[in-house]
Number of protein chains: 2
Amino acid sequence: MTEENVVYVGKKPTMNYVLAVVTLFNSGSDEIVIKARGKAISRAVDVAEIVKNRFINTVKVKDIQIGTESLSSEEGNDVNVSSIEITLAKEE
Amino acid sequence: MTEENVVYVGKKPTMNYVLAVVTLFNSGSDEIVIKARGKAISRAVDVAEIVKNRFINTVKVKDIQIGTESLSSEEGNDVNVSSIEITLAKEE
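Since we're looking at a predicted model, the values are computed, not measured.

Draft legend 1. Quick peek at the relation of the copies chain A and chain B. Between chain A and chain B, the superposition needs a rotation of 180° and an axial shift of 0.0 Å, giving an RMSD of 0.0 Å. Both chain copies can therefore be described as sitting about a two-fold axis. No C-alpha of chain A approaches the rotation axis more nearly than that of Ser42 of chain A, which lies at 2.7 Å.

Draft legend 2. View of the pattern of salt bridges. All names here are of chain B. Scanning the model with the defined rule gives eight salt bridges over all chains in all. A salt bridge links Lys35 to Glu85; the nearest nitrogen and oxygen atoms lie 3.8 Å apart. Residue Lys35 is located in strand S2 (residues 31–37), and its partner Glu85 is located in strand S4 (residues 78–90); the two are separated by 50 residues in the primary sequence. Note that Glu69 is salt-bridged to Arg37, the shortest N-O span being 2.8 Å. Of this pair, Glu69 sits in strand S3 (residues 59–72) while Arg37 is found in strand S2, placing the two residues 32 residues apart along the sequence. A relative accessible area of 31% means that Glu69 is categorised as partly exposed. Classification of Arg37 as partly exposed rests on a relative accessible area of 42%.

Draft legend 3. Region of the structure containing the interface of chain A and chain B. Counting from both sides, the interface comprises 18 residues of chain A and, opposite them, 19 residues of chain B. Buried surface at the junction of chain A and chain B, summed over both partners, amounts to about 1,300 Å²; 61% is from carbon and sulfur atoms. Counting the contacts that link chain A with chain B gives zero salt bridges. On the surface where chain A and chain B come into contact, there are eleven residue pairs in polar contact (both at pLDDT 80 or more).

Rules behind the numbers
- Residues numbered from 1 in each chain as written.
- Chains lettered and ligands numbered in written order.
- Predicted model: local features only at pLDDT ≥ 70, side-chain atom pairs only at ≥ 80, totals over all residues.
- Heavy atoms only, no water.
- Least-squares fit on C-alpha atoms with pLDDT ≥ 70 in both.
- Salt bridge = Lys/Arg side-chain N within 4 Å of Asp/Glu carboxyl O.
- Helix = DSSP H or I, 4+ residues; strand = E, 2+ residues; numbered from the N terminus.
- Buried < 20%, exposed > 50% of the residue type's maximum accessible area, 1.4 Å probe, protein only.
- Contact = heavy atoms within 4.5 Å.
- Buried area = accessible area lost by both parts, 1.4 Å probe.
- Polar contact = N/O pair within 3.5 Å; in protein donor to acceptor, adjacent residues only side chain to side chain.

Now the structure itself:
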């Protein structure tokens, strides 16, 4: 999988990311990974659900992984933040 | 699975839910389901990660499901909200 098939969900409106995912599927991708960290995790789940329920009915959740990433703050402290990766796949 | 093995994550501090999950595992449960809706989804992922990384190393993520629930508001409108269910299991 190339990086082109990854959508990083952040603080923008949910529909921006939904549009990004739908556009990737419509341009020929069979599989998209939605990634998010911290508070954006809830929005990543919203994006996956909206794509599959409202836009492309042949898209299913193929895999969900959660993890912890260690970020270094500017003060040099390590901060742990949870992450999620939701893989959506188009079924034929 | 009985309802006793479910921890609903809401707006309380994350460690409250971590303690609830750890207590259930320590009182003999082999499997716990962490459920959350909407913005609490991020906290549910934090709870799962903290339990498995910091408290009980034999606990693994067995399954993650996401979905959409339709809630009726007081004005009678239907509001869709995303949900997550994270199943944690103790490995021998």
